Amino acid sequence: MDVDTRLLRYFAAVAEEGSLTRAAARLFVSQPALTKQIRRLEDDLGVRLFTRSRSGMALTEAGRELASRVPELLEGWDEAVRATGRAARVLRLGFLDAGAAGAVLEVIADFRQAQPEWRVELRQFDWSDPSAGLARGEVDAAVVRLPFPGQERLTVRELFVEERGVLLPARHPLANSETVEFRDLWDEPFVAAGDQTGTWREHWLAVGERDGCPVRVGAVTSRPDEWLAAVAGGCVALAPASVARFHSHPDVVFRPVSGVSPSRVGLARPRGRKREAVLDELLKSIVWRLARS
């Protein structure tokens, strides 16, 4: 019987969290999607792995047996993937947006020149996964925007901070302002990421900087084209200052905002794994270069 390792990762998360809600947030998937995958695994194995109740998800005897074996199995698979990457001399670096990744491209170019036998693969992820592939083991390291759920399980090095501004419809009354007061936007419909992104969503809605004023969500998106279209259609969105360089729309303007904290960009990698010397070299070069800039 063949079982998708993704299903085992989903099972392990639910087993560790004891809750579909917390596991879904950790994996950056919706709770209905996670429930469906757990049922698929149970169907594949022909056993019940959990008993469901109002208090959470309790492992059955069969579930406990699988839970005792899955971590070692997944670690063995992850090491096989890393070993394959080392043999092929490939490093996988995740990122979310060009504004954050742009700061490391020069370092990567230098690394490729100094280590021509190695290939660095840049993999972009949409905003449904703020860990840029790390949560599901799809990359070796990632350039991320902080904070995001699950970052405490990773090694994260802050690289730089970037001011946040606001994207407005070109026809908006504040579109010609030199600087926009965040307080003046509190009643506007905001573009938001999905609920599963937790603290990342809250940061880009500036939930903690509204003096208790509730957020009005006008659209939920996960990709830049959807994001810009939602703003052009009448919503507003907080955005890093670099968005003005990398994204444009004829019906959208970017303006600086006062009254919100900046965005923090970091370099993240898994904890407790065998260290790859060449990856350490690349990451140290990124940190060193940005410290000097």
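Everything below is about the structure printed above this text.
Calculation criteria
- Residues numbered from 1 in each chain as written.
- Predicted model: local features only at pLDDT ≥ 70, side-chain atom pairs only at ≥ 80, totals over all residues.
- Heavy atoms only, no water.
- Pairing = 2+ DSSP bridges.
- Helix = DSSP H or I, 4+ residues; strand = E, 2+ residues; numbered from the N terminus.
- Contact = heavy atoms within 4.5 Å.
- Axes fitted to C-alpha atoms, helices over the stretch in contact; angles between N-to-C directions.
- Expected span 1.5 Å × (residues − 1).
- Bend = angle between axes of the 7 residues up to and from the residue.
- Buried < 20%, exposed > 50% of the residue type's maximum accessible area, 1.4 Å probe, protein only.
- Phe/Tyr/Trp six-rings, centres within 6.5 Å; stacked < 30°, edge-to-face > 60°.
- Lys NZ or Arg CZ within 6 Å of the ring centre and 35° of its normal.

Colleague: Explain the sheet that holds strand E7 (residues 164-169) to me, please; I cannot follow it from the model alone.
Modeller: Two strands in a sheet stick together by hydrogen bonds in their backbones, pointing the same way (parallel) or opposite ways (antiparallel). Taken in spatial order, the four strands make up an open sheet running E8-E12-E7-E11, and their pairing is mixed. Two strands in the sheet have a free side with no partner beyond their single neighbour: strand E8 (180-181) and strand E11 (237-240). Alignment of E7 against E11, held across four bridges, turns out to be antiparallel. Within E11, the position partnered with Arg-164 by the bridge is Pro-240. In the packing of helix H7 (residues 224-232) onto the sheet, the strands contacted are E7, E11 and strand E12 (252-258), and the crossing angle to E7 comes to about 60 degrees.

Colleague: In this structure, what is going on with the pairing of E12? I would like to understand it.
Modeller: Residues in a regular strand point their side chains to alternate faces of the sheet. Direction of pairing for E7 relative to E12: antiparallel, over a ladder of five bridges. Each residue of the ladder has a partner; that of Pro-169, found in E12, is Val-252. Relative to E12, E8 is paired through two bridges, and the arrangement is parallel. Within E12, the residue paired with Glu-181 across the bridge is Ser-258.

Colleague: Before we go on, may I ask you to explain helix H5 (residues 98-114) in this structure?
Modeller: Helical geometry: 3.6 residues make up each α-helical turn, so side chains three or four residues apart lie on a common side. Across its 17 residues, H5 extends 24 Å between first and last C-alpha, which sits within 8% of the 24 Å expected from 1.5 Å per residue. A maximum bend of about 40 degrees is found in H5 at Val-104. Buried within H5 are the following residues: Gly-99, Ala-100, Ala-101, Val-104, Val-107, Ile-108 and Phe-111.

Colleague: Would you mind going over the packing of aromatic side chains with me for this structure?
Modeller: One pair of aromatic rings is described through two measures. These are the centre distance and the angle between the planes. The full count for this structure, using the stated rule, is five aromatic pairs. With centroids separated by 5.0 Å and ring planes inclined at 80 degrees, the aromatic side chains of Trp-127 and Trp-227 adopt a geometry described as edge-to-face. Residue Trp-127 is found in the loop between strand E4 (119-124) and strand E5 (141-146), and its partner Trp-227 is found in helix H7; the two are separated by 100 residues along the sequence. The burial state of Trp-127 is the same as that of Trp-227; both residues are buried. Taking the centre distance of 6.3 Å and the plane angle of 85 degrees together, the rings of Phe-182 and Phe-190 count as edge-to-face. Both residues of the pair, Phe-182 and Phe-190, belong to the buried class. Chaining the aromatic ring pairs together yields one cluster made of Phe-182, Trp-186 and Phe-190. One cation-aromatic arrangement involves Arg-164 over Trp-204; the distance from NZ or CZ to the ring centre is 5.4 Å. Here the guanidinium or amino end of Arg-210 rests over the ring plane of Phe-190, the centre of that ring lying 4.6 Å away.

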